[in-house]
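# A structural walkthrough
The chain contents come next:
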Amino acid sequence: MALASSVMVPYAAYLRVYEPLAAFPEPERSHWARYAKRDEVPTAQDELRRSLADLLATPPVAVPVHESADAFIAVVDGVTCVCPWRTRLRGWQALEELPERLPAPVLDAALPPVVRRQAAADYERWLELNPDARPWIRTATWHVPVRWFVLFDDAEREYTKSDQGLVLRYRTPMVEARRRVARGLRTLRDALEEGPLIDGLVDVGRWLEEFHPRALVELDYGGLVHAVPEGQLAEDRSAAEVAEGLTALREGDGERAGAAYEKLSDRWRAVRERQYAS
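Numbers given for residues are sequential positions, taken from 1 along each chain in its written order. With pLDDT at 70 or above as the cut-off, local features in this predicted model cover only qualifying residues; side-chain atom pairs require 80 or more to be listed or tallied, and sums for whole chains, interfaces and linings still use all residues. The side-chain numbers reported here are obtained from all heavy atoms of the structure, hydrogens and water having been left aside.

Attention now goes to the overall build of the protein. Each helix and strand counted, the protein has 11 helices and 7 strands in total. Relative to its length of 278 residues, the protein is compact, with a C-alpha radius of gyration of 19 Å against a globular reference of 19 Å. Dimensions of the protein, computed from C-alpha atoms along their principal axes, come out at roughly 55 × 50 × 40 Å. Counting all 278 residues of the protein, 44% fall into the buried class. The contact definition used throughout considers only heavy atoms, calling two residues in contact when any of these lie within 4.5 Å. For the protein, restricting intrachain contacts to residue pairs at least 6 apart in sequence, the fraction spanning at least 24 positions comes to 76%. Where accessible areas are quoted, they stem from the Shrake-Rupley method and a 1.4 Å probe; at the residue level, only the protein chains shown are allowed to cover. Carbon and sulfur atoms make up 51% of the accessible area of the protein, which totals about 14800 Å². Of the side chains in the protein, 37 bear a positive and 45 a negative charge, and the two mean positions are spaced by 2 Å. Only DSSP runs of H or I covering at least 4 residues are called helices, and only runs of E covering at least 2 are called strands; the numbering of each starts at the N terminus. Radius of gyration here is computed from C-alpha atoms only, and the compact-globule reference equals 2.2 Å multiplied by the residue count raised to the power 0.38. Working definition: with a 1.4 Å probe on protein chains only, accessible area under 20% of the residue-type maximum means buried, over 50% means exposed, and in between means partly exposed. Lys and Arg are tallied as positive, Asp and Glu as negative. Neither His nor the chain termini are counted. Think of each charge as sitting on NZ of Lys, CZ of Arg, CG of Asp or CD of Glu.

Pasting the structure below:
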């Protein structure tokens, strides 16, 4: 997002929800219907460039002044589905997380405290008028959270090369994503004590419940395709490894579950370490 550094932002993965037009109230529904008919719509890289542009100002603009009117579009079985960017909302949310991710001197140099305080005050006022607001997009830098893979099956994996570069993503119907979350939670709670993995999956499940039941859920490796060697990317079967681990837990095979988790952890640890070598 606009609040991460220019080095970190490209190396991010995204969890997105695309809702059918029927899920949006008027006049927003008509706006997205017209928007989807455009010959060209902005790409993820366009969103990234626009997010970074405001940071070049003096003083930097931590969060866009106006909410984005852009979105990602997907056509599923002839139905137009929309994933609004909501760049301003996501910028505010990212601002709250930055103190946990960056050393104070680095954060203060990039975004002075007075800028952050003003943005936080603006967000508080905005939330009073929009208490039910939620983003259609979640972002993770330098990794894909393990809990995100629970939503998908290996058969839904798409790995392609085009003029725009490499793409690695998963897409699944909302009903399947919710079913897998519920089943995964039952398995984890039966086998493990409460902890970050369970809490994280509960959070994702609650987020999914906010959307239309006929929505599409997408996991996009985004900029991470540039952080992982192409050969490793082609062989990445993280969703299959998570499914294998959960199956092993259901069968009471802790050793097999541990091996699957270790393999997954080693892969993403190697990716995370690349940020410090940049």
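Continuing now.
A few words on unusual backbone geometry. In this structure, the amide linkage connecting Glu 26 to the following residue, Pro 27, adopts the cis form with an omega of 5°. Its location among the elements puts Pro 27 in the loop between β1 (12-20) and α1 (28-36). Phi at Asp 77 takes a positive value of approximately 50°, unusual for a residue other than glycine. Relative to the helices and strands, Asp 77 resides in the loop between β2 (71-76) and β3 (79-84). A positive phi angle is found at Arg 86, which is not glycine, with a value near 50°. Within the secondary structure, Arg 86 sits in the loop between β3 and α3 (87-101). With relative accessibility at 17%, the residue Arg 86 sits in the buried group.

Nine residue types can take part in a nonpolar core, namely buried Ala, Val, Leu, Ile, Met, Phe, Trp, Tyr and Cys, and a core is a set of them joined through side-chain atoms within 4.5 Å. Counting residues in hydrophobic clusters, the biggest one holds 56 residues, and the most contacted among them are Leu 15, Val 144, Phe 149, Leu 151, Leu 208 and Tyr 221. Apart from residues lying up to four places away in sequence, Leu 15 is in contact with Trp 136, Ile 137, Arg 138, Trp 148, Leu 151, Phe 152, Val 204, Trp 207, Val 217, Glu 218 and Leu 219. Leu 89, Leu 95, Leu 111 and Ala 119 belong to the second-largest nonpolar core, a separate cluster that totals 12 residues.

Let us look at the environment of Ala 71. Position of Ala 71 relative to the elements: it lies in strand β2. With a relative accessible area of 0%, Ala 71 lands in the buried category. Considering only alpha carbons, one finds Ala 71 and Thr 43, 28 residues apart in sequence, at a separation of 8.9 Å. Contact partners of Ala 71, with chain neighbours within four places excluded, come to Trp 32, Tyr 35, Val 82, Cys 83, Pro 84 and Trp 85.

The next point concerns the packing of aromatic side chains. When two rings of Phe, Tyr or Trp (its six-membered ring) have centres within 6.5 Å they constitute a pair, described as stacked for plane angles under 30 degrees, edge-to-face for angles over 60, and tilted for the intermediate range. One pass over the structure, following the stated rule, counts 14 aromatic pairs. Pairing Phe 24 with Trp 136 gives two aromatic rings, centres 6.0 Å apart and planes at 20°, and the pair type is stacked. Pair noted here: Phe 24 is in the loop between β1 and α1 and Trp 136 is in the loop between α5 (113-129) and β4 (137-141), with a separation of 112 residues, a long-range link. Each member of the pair, Phe 24 together with Trp 136, is buried. Pairing Trp 92 with Trp 126 gives two aromatic rings, centres 5.4 Å apart and planes at 45°, and the pair type is tilted. With Trp 92 in helix α3 and Trp 126 in helix α5, this pair connects stretches of sequence that are 34 residues apart. With relative accessibility at 3%, the residue Trp 92 sits in the buried group. We call a charge positioned above a ring when the Lys NZ or Arg CZ atom is no farther than 6 Å from the ring centre and deviates by at most 35 degrees from the ring normal. Taking the ring centre of Trp 136 as reference, the NZ or CZ of Arg 134 above it sits at 4.4 Å. For Arg 171, the ring lying beneath its charged end belongs to Tyr 18, and the centroid distance is 5.4 Å.

Attention now goes to the pairing of strand β6 (residues 165-173). Successive residues of a regular strand alternate their side chains across the two faces of the sheet. At least two DSSP bridges between two strands are required for those strands to pair. As defined by bridge partners, strand β5 (residues 157-162) adjoins β6 across 6 bridges and the pair is classed as antiparallel. Paired with Lys 161 across the strands is Leu 166, a residue of β6. A loop of 2 residues connects β5 with β6, the two strands running antiparallel in sequence. Examined bridge by bridge, β6 and strand β7 (residues 216-220) share 5 bridges and lie antiparallel to one another. Paired with Arg 171 across the two strands is Glu 218, which belongs to β7.

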